[in-house]
Structures are given as C-alpha cells and as structure tokens.
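Commentary on secondary and tertiary structure
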Amino acid sequence: MPAVYDHGGGVRSLRVPIPDNPLGHTLVYVVDTDRGPVLIDTGWDDPTSWDTLAAGLTACGTSVAEIHGVVVTHHHPDHHGLSGRVREASGAWIAMHAADTAVVRRTRQARPERWFSYMTAKLTAAGAPEEHVAPLRAARPRALPGLSPALPDRDIVPGELLDLPGRRLRAIWTPGHTPGHVCLHLEETHPARLPGHGRLFSGDHLLPEITPHIGLYEDPDDATVTDPLGDYLDSLERVGRLAPAEVLPAHQHPFPDAAARVRELLAHHEARLTALLTLLAGPLTPWQLAERMEWNRPWADIPHGSRTIAVSEAESHLRRLVKAGRAEAVPGSDPVTYVAVQ
C-alpha cells in the first residue's frame, strides 16, 4: 500500500512509522464526517511519525488542525501515542473504551519505580532467573514510551454508534489484546459493493497474517485473576459473526472474509494450547514454559524485553488451560509450577 491510500467511501489510510519495530508502521485511518475528518488511531509519539501523519493529512486535502475527533482502538503507544499532539493542534476530542482509559490514567499516575518493582515481583513469581530480573532491580527512573499518554475525554460505549455526524460507526468491544480494545463497524454499504456487512476497523484484534500478543492485563493494584486469552477467543467469535465485507486492520493490509481469518486464529490457538499440554507433561514454571514454546525465533535470540512479553503470553495461555480444567497448579510449588491434567 502507498503511504496514503483511498479506500473509497470517505475513508483513507496513512502509513505512520513505528520506530525500531518489525511491524514497520501503524495504519491510521482518516474518516470523513459532516463535521470534519476523524482519525482512527494516531501512531507512535515520535517526530518522524508526527511529520508523516501531518504530511499524510495534507495529501488527503486536510490538516491536523482540522481533525474533529480521534477514536482510539486501544491504549498501546503505536495507536494512542500521537493523540495528545493531535488534540493540542486541533481541539479534537479523544475517545477510548473505559477499561483502557483506566490503564492510561494509571500509567500517568504511576511512578516508574512502582512499575519496575511490580515487574520484578511478577517475573520472580513466574520463575525468571536472577540474570533476567537483575536489570529491573537496578533500573533508574527515566522517560519511557507511553508513560505520559493523553487522557481521553470521551468513552467508547460498546454496542453504541459513535458521534460521527453523517456516518454509522458502531463500537464492538473486543477485549484480549488489551482489556478495552474495540473494533469499529462501519455500517455502510461497501463502496465497491463487496458482499458482506460494511467494513470493520479491527485495530490489532484481527490482522491478516500475524496473531496479536495476548498477555496479562497488568495492574499492580488489582489481584483479580483475569483470562485474556479466553476474552480474546470470545471476542474473535463475536467479530466473525458480523461478517463484514472488508477488514481494515491497524497493521499490514486490508483483507476480505473476516470469518475465515477468525477460524484460522481459533484453530491456531487451540493447536497452541494442545501443544502446551504436551510440554506440561511434567511441572513447569511460566518461565520454563515460555522457554519451550515456539516463537518466531529461538529463545536464545529473543532480547530481554521480548522475553518478559513472552512470559506474559505463556501465563495467559496457562490461565486459559487452568480455567478450562486442562492444567493445574502444583500445590506447594514455589515458584508455582503447572502440570497438565491427565
């Protein structure tokens, strides 16, 4: 896709770069409304990303100053990062699901030391070796990406139409990747008359060639045992039933037949869970399980930060297996180990 692409029907996309990330870019969508253009996501808070967003809007015949509103699919910095700058330049409102707004509020209020302490305890409990945890113990407070994201001023209410004059854009709550992730269903005839029901802005929930990260919903002040993978699988089925004519994701490229992609992802996760049960023939900590899981590269080549993310994903799969009665924690183990239920 070119840097600016016209999808027809008053919808265009801009490829906004993500610095030092293999995903390459975020697809920011520009939706025309009767009160001016509205953005779906904004991209990473980086000077090059900002310049690209501004130039793309100029190429669309508008500007940052004319943006009426920003709809954020989820709180991650490659989606929400530039929202504050857009609001400063235009006075635009920012809308997000309340569950992710709560994450943003907590992130803005939390001190970095609190986060490092929390992650140290979490990783130690997951069985991480001291050489992995030590850098977190020694971490010094510093500016980290996403630690001062813009606080949204509107809630996205699941099932309701967003206030976009002249458009029918309905919010679909799709937790899993984040607790407040939303897809946005444009309930309008496809401009190319493709069969199906409108178009779906899918954020990171439904991507054409990759699976989104499903980790834990981290909240240092909440001990609730969540089930993000279960949330994600339920959300996938909900989106599949919408049967949109085309999916407009936040990464890679648009694609048809959402239901087929949903079936692929459901099968992928079931196969992965089954493979993990084989690994859990003997007791393993979440760290040991992550070491043995299949990733896009050997464990020895995965850098420190990505290993932390991998362990979170291993734990989300463990929680799904435990909740389904397919695995269980070994009583008295410290750090806790898990084993398949025979």
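Look above for the structure.
Here is what the cut-offs are and how they apply
- Residues numbered from 1 in each chain as written.
- Predicted model: local features only at pLDDT ≥ 70, side-chain atom pairs only at ≥ 80, totals over all residues.
- Heavy atoms only, no water.
- Helix = DSSP H or I, 4+ residues; strand = E, 2+ residues; numbered from the N terminus.
- Rg over C-alpha atoms; globule rule 2.2 N^0.38 Å.
- Contact = heavy atoms within 4.5 Å.
- Areas by Shrake-Rupley, 256 points an atom, 1.4 Å probe, with all protein chains shown as cover.
- Lys, Arg positive; Asp, Glu negative; His and termini not counted.
- Charge placed at Lys NZ, Arg CZ, Asp CG, Glu CD.
- Polar contact = N/O pair within 3.5 Å; in protein donor to acceptor, adjacent residues only side chain to side chain.
- Phe/Tyr/Trp six-rings, centres within 6.5 Å; stacked < 30°, edge-to-face > 60°.
- Buried < 20%, exposed > 50% of the residue type's maximum accessible area, 1.4 Å probe, protein only.
- Salt bridge = Lys/Arg side-chain N within 4 Å of Asp/Glu carboxyl O.
- Pairing = 2+ DSSP bridges.
- Axes fitted to C-alpha atoms, helices over the stretch in contact; angles between N-to-C directions.
- Core = buried A, V, L, I, M, F, W, Y, C linked by side-chain atoms within 4.5 Å.

Secondary structure assignment for the protein chain yields ten helices and 13 strands. The C-alpha radius of gyration computed for the protein chain amounts to 21 Å, which stays within 12% of the reference 20 Å derived for 342 residues, consistent with globular compactness. Sequence-distant contacts, at least 24 apart, represent 65% of the contacts inside the protein chain between residues at least 6 apart. Total accessible area on the protein chain stands at roughly 15300 Å², and carbon and sulfur atoms take up 52% of it. One way to put it: in the protein chain the 32 positive side-chain charges average out to a point 2 Å from where the 42 negative ones average out.

Below, the discussion takes up the side chain of His97. On the secondary structure map, His97 appears in strand 6 (residues 93-97). Here the side chain of His97 touches Trp173 through a polar contact of 3.5 Å, side chain to side chain. In this view, His97 contacts Ile156, Pro158, Trp173, Gly180 and Val182; residues no more than four positions away in its chain are not counted.

Taken as a whole and judged by the stated rule, the model has two aromatic pairs. Taking 5.2 Å as the distance between ring centres and 65° as the angle between the ring planes, the aromatic pair formed by Tyr29 and Phe201 counts as edge-to-face. Here the residue Tyr29 occupies a position in strand 3 (residues 25-31), and Phe201 occupies one in strand 10 (residues 199-203), the gap between them amounting to 172 residues. Pair check on accessibility: Tyr29 and Phe201 agree, each one buried. Summarising the aromatic geometry, the rings of Trp287 and Trp299 are spaced 5.5 Å apart at their centres and angled 90° between planes, so their arrangement reads as edge-to-face. Of this pair, Trp287 sits in helix 9 (residues 286-292) while Trp299 sits in the loop between helix 9 and helix 10 (304-323); the two residues are twelve residues apart in sequence, bridging distant segments of the chain.

What follows deals with the pattern of salt bridges. Across all of its chains, the model carries 13 salt bridges by this definition. The residue Asp227 makes a salt bridge to Arg320 at a minimum N-O spacing of 2.7 Å. Here Asp227 is found in the loop between strand 10 and helix 7 (228-242), whereas its partner Arg320 is found in helix 10, with 93 residues between them in sequence. The same class applies to Asp227 as to Arg320, namely buried. A salt bridge links Arg261 to Glu264, with the nearest nitrogen and oxygen atoms 2.9 Å apart. A residue pair is termed a helical-turn pair when its members lie 3 or 4 positions apart in one helix, as Arg261 and Glu264 do in helix 8 (residues 258-279) at three residues. With relative accessibility at 46%, the residue Glu264 sits in the partly exposed group. A single salt-bridge network, built from bridges that share partners, covers Arg168, Arg170 and Glu187.

In this section: the side chain of Asp41. Residue position: Asp41 is located in the loop between strand 4 (38-40) and helix 1 (47-59). Buried charge without a salt bridge: Asp41, with Arg87 as the nearest opposite-charge side chain at an N-O distance of 14 Å. With residues near it in sequence (within four places) discarded, Asp41 still touches Val28, Val71, Val72, Thr73, His74, His79 and Ala250.

Here we come to the sheet that holds strand 5 (residues 69-71). Across the sheet, which stays open at both edges, the seven strands sit in the order 1-2-3-4-5-6-7 with mixed pairing between neighbours. The outermost strands of the open sheet, each flanked by one partner alone, are strand 1 (4-6) and strand 7 (154-156). Averaged over all neighbouring strand pairs, the angle between strand axes comes to 25°, with direction disregarded. The pairing of strand 6 with strand 7 spans three bridges and is classified as parallel. Bridge pairing in strand 7 links His97 to Ile156.

Counting 42 residues, the largest nonpolar core has Leu206, Tyr232, Leu236, Leu280, Leu289, Trp299 and Leu321 as the members making the most contacts within it. Elements with a minimum of two residues in this core: helix 5 (112-125), helix 6 (130-137), helix 7, helix 8, helix 9, helix 10 and strand 13 (338-340). For this core, the element with the most residues is helix 8, which contributes six residues. Val28, Val64, Val70 and Val86 belong to the second largest nonpolar core, which has 20 residues in total.

Any functional reading would require information that these geometric values do not contain.
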